[in-house]
Amino acid sequence: MNIGHLKIKNNIYQMVYGKELGFIEETTDSYQTRTICVLPMFHAFGMGVTSLPTLHAGGQLITLPSFEPSSFLNAMEKYEPTFMHFAPPLVGFCAAHPSVEEKHLKSIKHIMVGAAPVGESLIDAFKKKAPN
């Protein structure tokens, strides 16, 4: 196995089994983790952090071709994701857009934000809409 493949494998294990980041739960007879991915698959955040660990854990990966507010919100309501990976603009959308309601965020147990820093005020605004 070359070093590049080993790094991808280690990243998958870190996201599923790691003590710090391991929040992608493995599928059981009574539970299947779900996420909606709007992140680009050509980027490490979309492929290596969201898609591959979810699939490794036996989770359901719902992909959207791009971010469009109504299709994103419809998917959030229909599929009820258990975890999400967000870039800061998506956190901002969820925190500020009037169409985003508690029903869109109620099923989420874990959120990981990457690609850029997120300020505390944005996190607080998001938490006001999220029930958990």
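Cut-offs and rules
- Each chain carries its own residue numbering, running from 1 in the written order of its sequence.
- Under the rules for a predicted model, residues below a pLDDT of 70 receive no local features and side-chain atom pairs below 80 are neither given nor counted, while totals for whole chains, interfaces and linings still include all residues.
- Only hydrogens and water are set aside when side-chain values are computed; all heavy atoms of the structure are taken into account.
- By nonpolar core is meant a set of buried Ala, Val, Leu, Ile, Met, Phe, Trp, Tyr and Cys residues that side-chain atoms within 4.5 Å join together.
- Partly exposed describes any residue whose relative accessible area lies between the buried limit of under 20% and the exposed limit of over 50%, with all areas from a 1.4 Å probe on protein chains only and scaled to the type maximum.
- Put simply, DSSP marks the helices as runs of H or I at least four residues long and the strands as runs of E at least two long, and each gets a number from the N terminus on.
- Definition used for salt bridges: Asp or Glu carboxyl oxygen within 4 Å of a side-chain nitrogen of Lys or Arg.
- In this description, contact between two residues means that some pair of their heavy atoms is separated by no more than 4.5 Å.
- Pairing of aromatic side chains requires ring centres within 6.5 Å, counting the rings of Phe and Tyr and the six-membered ring of Trp. Pairs whose planes differ by under 30 degrees are stacked, by over 60 edge-to-face, and all others tilted.
- Note on geometry: a ring has a charge over it if NZ (lysine) or CZ (arginine) is within 6 Å of the ring centre and within 35 degrees of the ring normal.
- Here, any two strands with at least 2 DSSP bridges between them count as paired.
- We call a crossover right-handed when, viewed with the strands running away from us, the connection from the first strand over the helix to the second turns clockwise.

(A) View of the nonpolar core. Core analysis: the biggest nonpolar cluster contains 20 residues, and Phe72, Phe86, Cys94, Leu105 and Phe126 have the highest contact counts within it. Listed by contribution, the elements that provide at least two residues to this core are helix 3 (69-79), strand 3 (83-86) and helix 4 (88-96). For this core, the element with the highest residue contribution is helix 4, accounting for five residues. Of all hydrophobic cores here, the second largest spans twelve residues; its members include Cys37, Leu39, Phe45 and Ala87.

(B) A look at the pattern of salt bridges. Tallied over the entire structure, the rule returns four salt bridges. Among the salt bridges present, the one from Lys103 reaches Glu77, with a minimum N-O distance of 3.7 Å. With Lys103 in helix 5 (residues 102-105) and Glu77 in helix 3, the pair connects residues that are 26 residues apart, well separated along the chain. Here Glu77 falls in the partly exposed class, since its relative accessible area comes to 38%. The network of salt bridges with shared partners includes Glu77, Glu101 and Lys103.

(C) Region of the structure containing the environment of Val49. Checked against the element boundaries, Val49 lands in helix 2 (residues 44-56). Val49 gets classed as buried once you look at its relative accessible area, which sits at 14%. Spatially, the C-alpha atom of Val49 lies 9.2 Å from that of Ile8, the residues being 41 residues apart in sequence. With residues up to four places along the chain from it excluded, the contact list for Val49 reads Asn11, Met15, Ile24, Ala44, His85 and Met112.

(D) Region of interest: the packing of aromatic side chains. Per the stated rule, a full pass over the model turns up six aromatic pairs. Plain terms: the ring middles of Phe72 and Phe93 are 6.2 Å apart, the flat faces sit at 75° to each other, and that makes the pair edge-to-face. Here Phe72, found in helix 3, pairs with Phe93, found in helix 4; they are 21 residues apart in sequence, far enough to count as distant. In this structure Phe93 comes out as buried when scored by relative accessible area, which is 12%. Aromatic rings pair up to connect Phe67, Phe72 and Phe93 into one cluster. Against the face of Tyr13 rests Lys9, its NZ or CZ located 5.6 Å from the ring centre.

(E) Region of the structure containing unusual backbone geometry. Phi is positive for Glu80, close to 45°, though the residue is something other than glycine. The topology assignment puts Glu80 in the loop between helix 3 and strand 3.

(F) Local environment of the pairing of strand 2 (residues 60-63). Relative to strand 2, strand 1 (residues 34-37) is paired through four bridges, and the arrangement is parallel. The residue bridging Thr35 from the neighbouring strand is Leu61, located in strand 2. The parallel pair strand 1 and strand 2, bridged by helix 2, forms a crossover whose chirality is right-handed.

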